[in-house]
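Here are the chains, one letter per residue:
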Amino acid sequence: MKLILKDGNVYKSGKFHKQTVCIADGTVSCLDNYTELDGFSVIDCSMYYIFPGFTDVHVHFREPGFSYKETIKTGSLAAARGGFTDVCTMPNLNPAPDCIDNLQQQLDIIKNDAVINVYPFATITKGQMGEELSDMEDISELSIGYTDDGRGVQSDDVMEAAMRKAKSLGKIISAHCEDNSLLFGGYIHDGEYAKLHGHKGICSESEWKQIERDLKLVEKTGCAYHVCHISTKESVDVIRRAKKAGLDVTCETAPHYLIMNDMMLQEDGRFKMNPPIRSEEDRLALVEGLIDGTIDMIATDHAPHSAEEKSRGLEKSNMGVVGIETSFATMYTYLVKTGIISLEKLIEVMYKNPSERFGIKKDIADGEKANLTVFDLNKKYKIDPEDFKSMGRATPFKDWEVFGECMLTVCNGEIAYDNGMNIIEKK
């Protein structure tokens, strides 16, 4: 493919520059002034923004084992539509990627079907049972890191052993923090909505208490540590203090925690996820944590389920919502256009910080692989799950009006998503 993206607003080195981006032989070259070149297709991008492809370090693509929910192919197509060129997949699979043979099954599917870069997490423990460490050393070079996402590691001793092993291998522990002894059968936030509607609540302590425990182990072991999907004000405070103390810790939150509170819930499974959407006080603390850098990145926790699994209301529906196709638009509309954060800050937490933390090298620069996405920030539309590339349809953002539509995503020099650009390769 030979392609010229003419006169775009290009994000480079933390700022936007008016430039022309040329893509040839899978790599990028940047021109301050447009030059006509033989054999290149040309797209006028003067009204568009060109970003490095986003990185989502927390997605569920469900394969192998649960392809009725999502596949590597549909998940990666959905990611490309959302502007992502790189994702890290969670290990809630069958078989769980806790050894070479199991992980290889997933890698084979990725090689055959993925339209973007997919980096699998391996499990911390065998079968994600929290008892015996996975074959961490054997699978270290084939995985992006280790997590038992979906379950908190309950044993202090097991988590400490995992951290010591990860430290010795130069890998990161990405932790789903949840103390099972504090759940009490809850399934939404233990707040005002739960009390008004007679639902069992999940207390905030079930999240932040385990983060607090893990950070003590990080101080003890020196492990690189990342906290998944934080949702409470206490979690922000605990992590902020740990960073000030110099611990090697980062964290993520998701769009729904930043722009929704529990009083926005409805009696519908598309509002059910783990951790749950919490109070307005928690939401504001998360926003403040994003602004001051305590929260390093936005991840979606994209978690597709079948329509039947999400049709049982708040109490009985499966945990998890989809979000990779709506992440940028919701964040741009409700955080950037409202003046809460800058567009540069949004790109920092959706591209720069996650890429750097997880060692995913990419940039829009001369000689680099072409991994980028093009957005029309003026395009206004209503979120319609029936338009999703994902097999999942359960989103709390159904019918929300947003700005920012992905027009094109290029991964490794190949078109992964084309939203009507109709690019024809010239001979």
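Residues numbered from 1 in each chain as written. Predicted model: local features only at pLDDT ≥ 70, side-chain atom pairs only at ≥ 80, totals over all residues. Heavy atoms only, no water.

## So, the side chain of Asp-86
If you trace the backbone, Asp-86 turns up in strand 7 (residues 84-89). Among the polar contacts made by the side chain of Asp-86, one reaches the side chain of Thr-85 at a distance of 2.6 Å. Setting aside anything within four residues of it in sequence, one finds Asp-86 in contact with Phe-54, Thr-55, Asp-56, Ile-116, Asn-117, Tyr-119, Ile-360 and Lys-362. (Helix = DSSP H or I, 4+ residues; strand = E, 2+ residues; numbered from the N terminus. Polar contact = N/O pair within 3.5 Å; in protein donor to acceptor, adjacent residues only side chain to side chain. Contact = heavy atoms within 4.5 Å.)

## What to know about the pairing of strand 15 (residues 372-382)
Of the pairings in the sheet, the one linking strand 5 (residues 49-52) to strand 15 comprises four bridges and is antiparallel in character. Within strand 15, the position partnered with Pro-52 by the bridge is Leu-372. Bridge analysis of strand 15 against strand 16 (residues 401-411) gives eight bridges, and the strand direction is antiparallel. Residue pairing for strand 16: Tyr-381 is matched across the bridge by Val-402. (Pairing = 2+ DSSP bridges.)

## So, the environment of Leu-215
The topology assignment puts Leu-215 in helix 5 (residues 205-221). Classification of Leu-215 by relative accessible area gives buried; the value is 5%. Residues Leu-215 and Glu-414 lie 199 residues apart in sequence; the distance between their C-alpha atoms is 41 Å. Setting aside chain neighbours within four positions, we find Leu-215 in contact with Tyr-225, Val-238, Ile-239, Ala-242, Leu-247 and Val-249. (Buried < 20%, exposed > 50% of the residue type's maximum accessible area, 1.4 Å probe, protein only.)

## Things to note about the packing of aromatic side chains
Pairs of aromatic rings are described using the distance from one ring centre to the other and the angle between the two planes. The full count for this structure, using the stated rule, is 16 aromatic pairs. Plain terms: the ring middles of Phe-328 and Tyr-332 are 5.7 Å apart, the flat faces sit at 5 degrees to each other, and that makes the pair stacked. Note that Phe-328 and Tyr-332 are positioned in helix 10 (residues 327-336) at a spacing of four residues, about one turn of the helix. On the basis of relative accessible area, Phe-328 is assigned to the buried category, the value being 1%. Grouped by ring-pair contacts, the aromatic residues Tyr-11, Phe-16, Tyr-49, Phe-51, Phe-54, Phe-84, Phe-328, Tyr-332, Tyr-351 and Phe-375 constitute a single cluster. If you follow Lys-6 out to its NZ or CZ, it ends over the ring of Tyr-34, 4.6 Å from the centre. (Phe/Tyr/Trp six-rings, centres within 6.5 Å; stacked < 30°, edge-to-face > 60°. Lys NZ or Arg CZ within 6 Å of the ring centre and 35° of its normal.)

## Digging into the sheet that holds strand 7
Sheet strands associate in pairs through backbone hydrogen bonding, adopting either a parallel or an antiparallel arrangement. Overall, parallel pairing links the three strands, which are arranged 6-7-8 in an open sheet. The two strands at the open ends of the sheet, each matched to only one other strand, are strand 6 (54-59) and strand 8 (117-120). For this sheet the average axis-to-axis angle between neighbouring strands, irrespective of direction, equals 20 degrees. Contacting strand 6 and strand 7, helix 11 (residues 343-357) crosses the sheet at an angle of about 75 degrees to strand 6. (Axes fitted to C-alpha atoms, helices over the stretch in contact; angles between N-to-C directions.)

## Some words on the sheet that holds strand 14 (residues 297-298)
In spatial order, the strands read 9-12-13-14; together these four strands make up an open sheet with parallel pairing. The open sheet terminates on both sides in strands that have one partner only, identified here as strand 9 (172-175) and strand 14. With three bridges connecting them, strand 12 (residues 224-227) and strand 13 (residues 249-253) associate as parallel partners. Across the sheet, Tyr-225 pairs through a bridge with Val-249, a residue of strand 13. Seen against the sheet, helix 3 (residues 156-169) touches strand 9 and strand 12 and runs at an angle of roughly 145 degrees to strand 9.

## Focus: unusual backbone geometry
Following Glu-63, the chain continues to Pro-64 via a peptide bond in cis, the omega torsion being 10 degrees. Among the secondary structure elements, Pro-64 is positioned in the loop between strand 6 and helix 1 (72-81). Cis geometry marks the peptide bond from Asn-94 to Pro-95, where omega comes out at 5 degrees. Backbone geometry at His-229 places phi at a positive 25 degrees, although glycine is not the residue there. In this fold, His-229 is placed in the loop between strand 12 and helix 6 (233-244). One non-glycine residue, Asp-399, lies in positive phi territory at about 75 degrees. Judged by relative accessible area, Asp-399 falls into the partly exposed class, the value being 42%.

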